[in-house]
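A structural walkthrough
For reference, the chains in residue letters:
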Amino acid sequence: MLSGFVLALSAPRTAHTAPASRAVGLPEPDPSSPPILVNISKLPKTVEVNITAAVATLSMQPGALSEVFAYNGSVPGPTLDVREGDHVIVHFRNNLPEPTTIHWHGIHLPFEADGSPFQPIAPGKTHDYEFTVRAGTAGTYWYHPHPDRRTGFAIGKGLFGGIVVHAADDPLPSMDEKLIILSDNRFLQDGSIGFAEAASFTGGVDEENGREGPVLFVNGHVMPTVSIRNGEVQRWRLVNASAGRIYRIALSGHTFLHVGSDGGLFEKPLEVKEILLTTGERVELLVRGTGAAGTRIVLQDLPYDRYAPQTRPADWQTTRDLLTLQTTGEAVVNPITIPATLRKITPLDPSKSTAVRTIVFGQGIINGKTMDMSRVDVSTRVGATEIWEIENIVGMDHPFHLHGFQFQVLDRDGVPEPYRAWKDMLNIPKHSTARIIVRYDDYPGKWMFHCHILDHEDHGMMGVLEVR
Ligand code: C2O
Ligand code: CU
Ligand code: CU
């Protein structure tokens, strides 16, 4: 029983007019949300934006200024807010002192637009990224640089932003939406962002664990407050933009409805007390305001042991606060109806699979090798359906990511996945195996697959899938 949320037995659609832009019928953006990229196109179904990556000086923490890398001057960068079917044109300028790319993490797009390490943009150069957002891909994604061996540094300096793809026909009733981008960072005394020397003790721990920082940010803010009315339901989209931190998300004892993942909504909402959000992963949640005016509950990151014993941080069992959800004194709102069925996800059929790929995660290596951009690790054809069996043989978690194509999880350690979802991130816990199924619908190219602990990725825990 989903207490607190009213679920309809069928799937009624509220007759909501498709907003031409965020301004129509939607609440003012929350001050703690990242800005939205301005659409400069006058054409229908076209989103044309300008993004510049450059060095900037921002106040990340009270009383200190930090030199950062920023997209359009903000950390996180402005949100790319689009609808299914939109044609997206991004005029990108690299004003950084080093080569970079923009990778559109999770978006199904042509190889030329992937912004992978194969497509670096030199300092001072511009590049136009162009792709069309496919029907059925409404969901939460994000963008970040993907330069060869520098991704962890570039994201750690502040380059990441959210992507929201709205559905042409959303099964959820219209409600206040929040994009919540989680990141963590480490600062030196003078306010600058701290990166350890590779040869130092901390550098060694970072290479092993993935770089973690003690300061946790929500959209670049430390412990912001989000307001909600008693009885109000809000739709939260969470993005984990951290290099290594895996968040075990909970709302101090309250439940929420888990309605979606990387590639959009589930078939049915699930009422849960906590969610594991691995690096690069996204979730959609429905959160309900409860209690008298002034009631505060806290979104927390509970302890999760992803670590190898040798480098497990001494304080790993600390619960960390992320944001405060505060009930306002405004009138109680009537409960809204959440449909019991959100959408149909057609299962990929294992009997159609023409190959089983075995991917073995060692520490920093995949199938015994480190990344070589001139090598193809998996070669296949457009239209093929394949099963990937991903085994983690070491004593720490490694989050698997595939570019270009969303997959479905078949089972984890032999246990069939209880519900269907489109995914591009999957945590593979220490000493465990998961099986996924993927169909390379279209878009030939050389697609990366890798561990999304950025330090592992940068040290070569990555391979190339060639789809011909
Ligand atoms: Cu989020 Cu290959 O990246
Ligand atoms: Cu990606
Ligand atoms: Cu890893």
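Conventions used here
The numbering scheme is per chain: residues are counted from 1 as the chain's sequence reads. Chains and ligands are labelled by the order in which they are written, letters from A for the one and numbers from 1 for the other. The predicted nature of this model means local features are confined to residues of pLDDT at least 70 and side-chain atom pairs, given and counted, to a pLDDT of 80 or more, with totals for whole chains, interfaces and linings taken over all residues. Think of the side-chain values as coming from all heavy atoms in the structure, minus any hydrogens and water. Only nitrogen, oxygen and sulfur atoms qualify as donors, provided they sit within 2.8 Å of the metal or within 3.2 Å for Na, K and Ca; with water excluded from the atoms, sites may seem incomplete. Helix and strand assignments come from DSSP, with helices taken as H or I runs of at least 4 residues and strands as E runs of at least 2, each series counted from the N terminus. Accessibility here uses a 1.4 Å probe with only protein chains present; expressed as a share of the type maximum, an area under 20% marks a residue as buried, one over 50% as exposed, and anything in between as partly exposed. Either an automatic procedure or a domain database provided the assignment from which the domain bounds are taken. Here the quantity called buried area is the accessible surface, traced with a 1.4 Å probe, that two parts lose on coming together, added over both. When a carboxyl oxygen of Asp or Glu lies within 4 Å of a side-chain nitrogen of Lys or Arg, that pair is called a salt bridge. Any N or O atom pair separated by 3.5 Å or less is treated as a polar contact, with the protein-specific requirement of one donor-capable and one acceptor-capable atom, and with residues adjacent in sequence counted only for side-chain atom pairs. Polar here means any residue other than Ala, Val, Leu, Ile, Met, Phe, Trp, Tyr, Cys and Pro, which are nonpolar, and Asp, Glu, Lys and Arg, which are charged; Gly is therefore polar. For two strands to count as paired, DSSP must find a minimum of two bridges between them. Lines are fitted to the C-alpha atoms to define the axes, a helix being fitted only along its stretch in contact, and any angle between axes, read from their N-to-C directions, falls within 0 to 180 degrees. By convention a nonpolar core is built from buried Ala, Val, Leu, Ile, Met, Phe, Trp, Tyr and Cys residues, the set being connected through side-chain atoms within 4.5 Å. Throughout, a contact is declared for two residues whenever any of their heavy atoms are within 4.5 Å.

1. Observations concerning the coordination of the copper ion (ligand 3)
Taken together, the protein donors to the copper ion (ligand 3) comprise His-398 (ND1), Cys-451 (SG) and His-456 (ND1), at separations of 1.9 to 2.1 Å. Between the donor residues of the copper ion (ligand 3), the gaps in sequence give the motif H-x52-C-x4-H. On the criterion of sequence distance, the pair formed by His-398 in strand 25 (residues 398-402) and His-456 in helix 3 (residues 454-458) is long-range, its members being 58 residues apart. His-456 shares its class with His-398; the two are buried.

2. Details of the domain arrangement of the protein
Domains assigned within the protein are domain 1 (46-166), domain 2 (177-327) and domain 3 (350-467). Here the C-alpha centroids of domain 1 and domain 2 sit 21 Å apart. When the two sides are added together, the surface that domain 1 and domain 2 hide from each other amounts to roughly 1900 Å², 64% of it contributed by carbon and sulfur. Between domain 1 and domain 2 we count 0 salt bridges in total. Across the domain 1-domain 2 interface, the total number found is 6 residue pairs in polar contact (both at pLDDT 80 or more). At 5 residues, the largest contribution of residues to the side of domain 1 that touches domain 2 is made by strand 3 (residues 64-71). Its residues placed into classes, the side of domain 1 that touches domain 2 shows 13 nonpolar, 12 polar and 2 charged.

3. Some thoughts on the sheet that holds strand 6 (residues 103-105)
If you walk across this open sheet you meet the 4 strands as 4-9-8-6, and the pairing is mixed. Pairing within the sheet leaves two strands with one partner each, and these edge strands are strand 4 (77-83) and strand 6. Mean inter-strand twist for the sheet, computed between neighbouring axes without regard to direction, equals 25°. Across 3 bridges, the pairing between strand 6 and strand 8 (residues 139-144) is antiparallel. Within the sheet, the bridge partner assigned to His-105 lies in strand 8 and is Trp-142.

4. Comments concerning the sheet that holds strand 29 (residues 432-439)
As summarised here, the arrangement of the 5 strands in space is 22-24-29-26-27, forming an open sheet in which the pairing is mixed. If you trace the sheet from one side to the other, it starts and ends with strand 22 (355-361) and strand 27 (415-416), each paired once. The sheet contact formed by strand 24 (residues 385-392) and strand 29 spans 8 bridges and is antiparallel. Following the sheet pairing, Glu-386 is matched in strand 29 by Val-438.

5. Observations concerning the coordination of the copper ion (ligand 2)
At the metal site, the copper ion (ligand 2) is ligated by His-103 (NE2) and His-401 (NE2), and these contacts range over 1.9 Å. Of this pair, His-103 sits in strand 6 while His-401 is found in strand 25, placing the two residues 298 residues apart along the sequence.

6. Details of the nonpolar core
Ile-51, Leu-80, Trp-104, Trp-388 and Phe-400 are the most contacted members of the largest nonpolar core, which totals 59 residues. The dominant element in this core, judged by the number of residues it contributes, is strand 2 (residues 46-61), at 4 residues. Ignoring anything within four residues of it in the chain, the contact list for Leu-80 reads Leu-37, Val-47, Val-49, Val-88, Trp-104, Phe-131, Tyr-143, Gly-162, Ile-163 and Val-164. By size, the runner-up hydrophobic cluster in this structure holds 23 residues, among which are Leu-216, Ile-228, Ile-297 and Leu-325.

7. A short note on the pattern of salt bridges
Applying the stated criterion to the full structure yields 31 salt bridges. With a closest N to O distance of 2.9 Å, Glu-212 and Arg-306 form a salt bridge. With Glu-212 in the loop between helix 2 (201-209) and strand 11 (215-218) and Arg-306 in the loop between strand 19 (296-302) and strand 20 (320-328), the pair connects residues that are 94 residues apart, well separated along the chain. The class of Arg-306 is buried, set by a relative accessible area of 1%. The salt bridge involving Asp-301 is made with Arg-245; its shortest N-O contact spans 3.9 Å. Separated by 56 residues along the polypeptide, Asp-301 in strand 19 and Arg-245 in the loop between strand 13 (233-240) and strand 14 (247-251) bring together distant segments of the chain. Both residues of the pair, Asp-301 and Arg-245, belong to the buried class. Overlapping salt bridges bring together Asp-170, Glu-177, Arg-235, Arg-237 and Glu-284 as one network.

8. A closer look at the pairing of strand 20
Counting buried residues in strand 20 gives 7 out of 9 residues, a clear majority hidden from the surface. Strand direction decides the pairing type here: strand 19 and strand 20, joined by 6 bridges, are antiparallel. Residue pairing in the sheet places Leu-299 in a bridge with Leu-323 of strand 20.

9. Brief notes about the pairing of strand 13
Among the 8 residues that make up strand 13, 8 are buried, leaving the element largely enclosed by the rest of the structure. Residues Val-233, Arg-235, Arg-237 and Val-239 line one face of strand 13 and the alternating positions Gln-234, Trp-236, Leu-238 and Asn-240 line the opposite face, and both faces are buried. As defined by bridge partners, strand 10 (residues 177-185) adjoins strand 13 across 6 bridges and the pair is classed as parallel. The residue of strand 13 that forms the bridge with Leu-179 is Arg-237. Where strand 13 lies against strand 18 (residues 282-288), 7 bridges are found, and the strand directions are antiparallel. When the sheet's bridge partners are listed, Arg-237 is paired in strand 18 with Glu-284.

10. Some words on the side chain of Glu-267
Among the secondary structure elements, Glu-267 is positioned in strand 16 (residues 264-272). A polar contact of 2.9 Å, which involves the side chain of Glu-267, links it to the backbone nitrogen of Ile-345. Discounting chain neighbours no more than four positions away, the residues touching Glu-267 are Ala-340, Thr-341, Leu-342, Arg-343, Lys-344, Ile-345 and Arg-420.

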